[in-house]
Amino acid sequence: MIAGSVGGMCEHTATFPADTVKTRMQAAVARGQPEYSGVAQGLRAIAATEGVAGLYRGVTAVVLGAIPGHALHFSIYEAVKQRLGGSHTASGR
């Protein structure tokens, strides 16, 4: 459970800047005012105007939601895997 939570935190922290740019690009297109030509240019522009913190604005809420979500996901996965007989170890147990 802890490994799943930590893994989820790492995943969301690593991918959050790209998600930030993607969300801003989608909103800009919907308004008819594209801001960035691509993800890399968006990352540079946000970092230049708002600092690196601008790329992570809102990450706390996402990570706090991911902790229980990933813990539950991996707990259920392991329980189902064991129930179906897929949890064999090197020692044969």
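Refer to the structure presented above.
Residues numbered from 1 in each chain as written. Predicted model: local features only at pLDDT ≥ 70, side-chain atom pairs only at ≥ 80, totals over all residues. Heavy atoms only, no water.

**Let's talk about a nonpolar patch on the surface**
So the rule is basically this: Patch construction takes residues with relative accessible area above 30% that form no salt bridge. Like charges are linked within 9 Å, and nonpolar side chains (Val, Leu, Ile, Met, Phe, Trp, Tyr) are linked within 5 Å. A 1.4 Å probe and the Shrake-Rupley method give the accessible areas. Residues count as covered only by the protein chains that appear here. Salt bridge, as applied in this entry: a Lys or Arg side-chain nitrogen positioned within 4 Å of an Asp or Glu carboxyl oxygen. Counting from the N terminus, the helices are the DSSP runs of H or I reaching at least four residues and the strands are the DSSP runs of E reaching at least two. With a 1.4 Å probe rolled over the protein chains alone, any residue whose accessible area is under 20% of its type maximum counts as buried; one over 50% counts as exposed, and the rest are partly exposed.
Taken together, the side chains of L72, I76, V80 and L84 define a hydrophobic patch exposed on the protein surface, amounting to about 410 Å² of accessible area. Relative to the helices and strands, L84 is located in the segment after helix 4 (59-83). Accessibility expressed as a relative area gives 71% for L84, which makes it exposed.

**A few points about the pattern of salt bridges**
This structure, assessed with the given rule, holds four salt bridges. With a shortest N-O distance of 3.3 Å, R31 and E35 are connected by a salt bridge. Residue classification places R31 among the partly exposed residues on the basis of a relative accessible area of 48%. A residue is classified by how much of its surface remains accessible, and E35, at 45% relative accessible area, is partly exposed. Taken together, the shared-partner salt bridges connect R24, E50 and R57 into one network.

**What about helix 2 (residues 39-50)?**
Our working definition: One less than the residue count of a helix, multiplied by 1.5 Å, gives the span that helix is expected to have.
For helix 2, spanning 12 residues, the distance from its first C-alpha to its last is 16 Å, which sits close to the expected 16 Å at 1.5 Å a residue. Note on helix 2: the residue one or two positions beyond its end, G51, has a positive phi of about 80 degrees.

**Re the environment of S37**
One can find S37 in the loop between helix 1 (2-31) and helix 2. The exposure class assigned to S37 is exposed, which follows from its relative accessible area of 70%. Between the C-alpha atoms of S37 and M25, which are 12 residues apart in sequence, the distance is 8.8 Å.

Functional significance is not addressed by these values, which are geometric in nature.
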